[in-house]
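# Structural features, examined
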Amino acid sequence: MGRGFFGGEKRTPNVKPVEKIELSEKNPTPRIIAIVALILIAAMAFAYGANKLISGESGWRDVEVRSEKGYTCADDFRFVYNIGVSGVSANTEYKKLSSLYTSAMEEIYYALDEKSVHDGAKNLAYVNQHPNEETEIDPLLYKALESFSEDRKKLLYLAPIYYDYGDLLDSESDEEAREYDPYENDSVKEYFAEVSAFINSGTDIKLELLGDNKVLLSVSDEYKAFATEYGIKCYLDFYWLKNAVIIDHIADEMISAGFTRGYITSYDGYTRFFGNETLSADIVVRENSKLTVAATLNTKSKMSVVYLRNYIMYEGEKYNCYTYENGASRTRYISAADGLCRCAADMLVLYSENNSCFDIALSASEIFIADELDETSLKTLENINTIFHIGGKELFTSGNTDDISLAGNGFTLSKIK
């Protein structure tokens, strides 16, 4: 059996006793290109192509985390910066960037860790382990929690179901996947329905923000007993939203420190451009089980991009999606209504000059985690533009079509009315 989502051996479900992409070189501007076999670290597959990354000390370089504290999930991200352009020596600038990147990554990762308490810090794991206790928590965690409306806190409450989806998405065969799939296994579906009932009751679980970084996670005796029976360890988990919080923190720290000539991107669909560099990014879609560059998004100097999709773009992302041999997909995008995953479109890209990745993803969560895409709702997203693909050779956008150029692969682009 393969490893589970949280690193252990796979369990019995909680039930009752690429192809390479050919790319156009039409645009001489430094460009982030999707090459599945090479880098594809971000959901938009960000890597430089038309002008190759400059080797050596100066120019475009990957900045690395050099942590002595242990695991920080830095492998989920790629941070690229145009070193030496500011006039500071390349070596000095790189050291400053790496040091700041390391400290920022450590502090935000440990604040959001839902499983382990680090050095006695009051992080998300501490809250999970101390229900019904008023707790003063890490300010970074409190800031992230403040973004959730009461209704969207249900995304946090899905932690027990997220845990089981980890085993589904980690499956190595259709037979194994069906064992964990609520769409295929009625016992799993029933268990998810029970958890969802606790989540939606309004009384069995509730996270209150009390001010001054203090929170209270209230859990009913009935839900605690249920959690004990089924071995539930976490009541709260950011799950697919976690890297959005992390990437925003990194980007904000860099920009505040005056580092504005780079970008950071995550394997699961989040990117922040810091500013002072003109870049563009390819929009990759799945067409007949193959990945195709459909268009290019010409970004402004400062932008947040979120790429939601129901397919895998590279091997390192396999734990985010499982695709059956018949083409059916199971993803991390789970509805609090019944614990079932849903994707309203094959692909939805959202981008904004004003909003953070976390705010964008949270705003779009109810729209994307649905049976059908509500195009009218897309137009109501404040300061957020969208590009989406449902199937065939059509792309649609709610934004300015001048920002998007087609890649010449037969796709058309329409603006939703």
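Since the structure is predicted, the reported quantities are computational estimates derived from the model, not experimental observations.

## Some details on the overall build of the chain
Tallying secondary structure elements over the chain gives 11 helices and 17 strands in all. The proportion of buried residues among the 417 residues of the chain is 56%. Roughly 17500 Å² of accessible area belongs to the chain as shown, and the carbon and sulfur atoms make up 44% of that amount.

## Description of the pairing of strand 14 (residues 385–389)
Counted residue by residue, strand 14 has four buried out of five residues, so it is predominantly covered. Here strand 13 (residues 347–352) pairs with strand 14 via five bridges, running antiparallel. Bridged to Tyr 351 within strand 14 is Asn 385. Two elements, strand 14 and strand 15 (residues 394–397), share two bridges in a ladder whose sense is antiparallel. Bridged to Ile 387 within strand 15 is Thr 397.

## Some remarks on the confidence of the model for the chain
Counting all residues, the mean pLDDT for the chain is 87, and 86% of those residues have values of 70 or more. For residues 1–9, every residue scores under 50 in pLDDT, and the model assigns this stretch 24 contacts once sequence neighbours within four places are set aside.

## Observations regarding the packing of helix 7 (residues 186–200) against helix 8 (residues 221–230)
Look at helix 7 against helix 8: their axes get within 11 Å of each other, and the N-to-C directions meet at 150°. Between helix 7 and helix 8, the crossing angle belongs to the class labelled roughly antiparallel. Considering the relative orientation of helix 7 and helix 8, their crossing is left-handed. Contact residues: Tyr 191, Glu 194, Val 195 and Phe 198 in helix 7; Glu 222, Tyr 223, Phe 226 and Tyr 230 in helix 8. Residues of the contact of helix 7 with helix 8, tallied by class, amount to six nonpolar, no polar and two charged.

## Some details on the sheet that holds strand 4 (residues 205–211)
Strand order across the open sheet formed by three strands is 3-5-4, with antiparallel pairing between neighbours. Two strands in the sheet have a free side with no partner beyond their single neighbour: strand 3 (134–136) and strand 4. Averaged over all pairs of adjacent strands, the angle between their axes in this sheet comes to 25°, without regard to strand direction. Relative to strand 5 (residues 214–219), strand 4 runs antiparallel, the two sharing six bridges. In the sheet register, Lys 206 faces strand 5, and the bridge partner there is Ser 218. Taken strand by strand, helix 3 (residues 139–146) contacts strand 4 and strand 5, and its axis lies near 115° from that of strand 4.

## What to know about the side chain of Glu 287
For Glu 287, the location among the structural elements is in strand 8 (residues 280–287). Using a relative accessible area of 16% as the deciding quantity, one classes Glu 287 as buried.

## A look at the packing of aromatic side chains
Within this structure, the stated rule accounts for 23 aromatic pairs. On the numbers, 5.0 Å between centres and 80° between planes, the contact of Phe 79 with Tyr 101 is edge-to-face. With Phe 79 in strand 2 (residues 77–83) and Tyr 101 in helix 1 (residues 90–112), the pair connects residues that are 22 residues apart, well separated along the chain. Comparing Phe 79 with Tyr 101, the two get one shared label, buried. If you follow Arg 332 out to its NZ or CZ, it ends over the ring of Tyr 239, 5.9 Å from the centre.

## Thoughts on the sheet that holds strand 9 (residues 290–298)
The three strands are arranged 8-9-16 in an open sheet whose pairing can be described as antiparallel. One side of each edge strand has no neighbouring strand; the edge strands of this open sheet are strand 8 and strand 16 (404–406). Strand-to-strand twist across the sheet, computed as the mean angle between neighbouring axes with direction ignored, equals 35°. By the bridge criterion, three bridges tie strand 9 to strand 16 in an arrangement that is antiparallel. Within strand 16, the position partnered with Leu 297 by the bridge is Ile 404.

## Looking at the nonpolar core
Counting 101 residues, the largest nonpolar core has Tyr 101, Phe 238 and Trp 240 as its most contacted members. Top contributing element to this core by residue count: helix 1, with 12 residues. Apart from residues lying up to four places away in sequence, Phe 238 is in contact with Leu 112, Leu 124, Leu 141, Ala 144, Leu 145, Phe 148, Leu 156, Val 245 and Phe 358.

## Observations concerning helix 9 (residues 242–256)
Compared with the 21 Å implied by 1.5 Å per residue over 15 residues, the 21 Å span of helix 9 between its first and last C-alpha is a close match. Counting buried positions along helix 9 yields 11 of 15 residues, so the element is predominantly enclosed. Along helix 9, the residues that are buried comprise Lys 242, Asn 243, Ala 244, Val 245, Ile 246, Ile 247, Asp 248, His 249, Ile 250, Ala 251 and Met 254. Considering only its buried residues, helix 9 is in contact with strand 2, helix 1, helix 3, strand 6 (262–266), strand 7 (270–273) and helix 10 (357–368). Gly 258 sits one or two residues past helix 9 and shows a positive phi near 90°.

## Notes on the pattern of salt bridges
Inspection of the entire model under this criterion finds 16 salt bridges. Across the pair Glu 184 and Arg 330 runs a salt bridge, and its minimum N-O distance is 4.0 Å. Taken together, the residues span a long stretch of sequence, with Glu 184 in the loop between helix 6 (174–180) and helix 7 and Arg 330 in strand 12 (residues 329–331) at a distance of 146 residues.

## Focus: the environment of Tyr 81
On the secondary structure map, Tyr 81 appears in strand 2. Placed 18 residues apart in sequence, Tyr 81 and Val 63 show a C-alpha to C-alpha distance of 7.0 Å. Setting aside its immediate chain neighbours within four residues, Tyr 81 contacts Gly 59, Trp 60, Arg 61, Val 63, Glu 93, Leu 97, Gly 258, Phe 259, Thr 260, Arg 261, Gly 262 and Phe 274. Polar side-chain contacts of Tyr 81 include one of 3.1 Å to the backbone nitrogen of Thr 260.

Parameters at a glance
- Residues numbered from 1 in each chain as written.
- Predicted model: local features only at pLDDT ≥ 70, side-chain atom pairs only at ≥ 80, totals over all residues.
- Heavy atoms only, no water.
- Helix = DSSP H or I, 4+ residues; strand = E, 2+ residues; numbered from the N terminus.
- Buried < 20%, exposed > 50% of the residue type's maximum accessible area, 1.4 Å probe, protein only.
- Areas by Shrake-Rupley, 256 points an atom, 1.4 Å probe, with all protein chains shown as cover.
- Pairing = 2+ DSSP bridges.
- pLDDT = per-residue confidence, 0-100.
- Contact = heavy atoms within 4.5 Å.
- Axes fitted to C-alpha atoms, helices over the stretch in contact; angles between N-to-C directions.
- Parallel < 35°, antiparallel > 145°, perpendicular 65-115°, else oblique.
- Left-handed = near helix turned anticlockwise from the far one by under 90°.
- Nonpolar A, V, L, I, M, F, W, Y, C, P; charged D, E, K, R; others polar.
- Phe/Tyr/Trp six-rings, centres within 6.5 Å; stacked < 30°, edge-to-face > 60°.
- Lys NZ or Arg CZ within 6 Å of the ring centre and 35° of its normal.
- Core = buried A, V, L, I, M, F, W, Y, C linked by side-chain atoms within 4.5 Å.
- Expected span 1.5 Å × (residues − 1).
- Salt bridge = Lys/Arg side-chain N within 4 Å of Asp/Glu carboxyl O.
- Polar contact = N/O pair within 3.5 Å; in protein donor to acceptor, adjacent residues only side chain to side chain.

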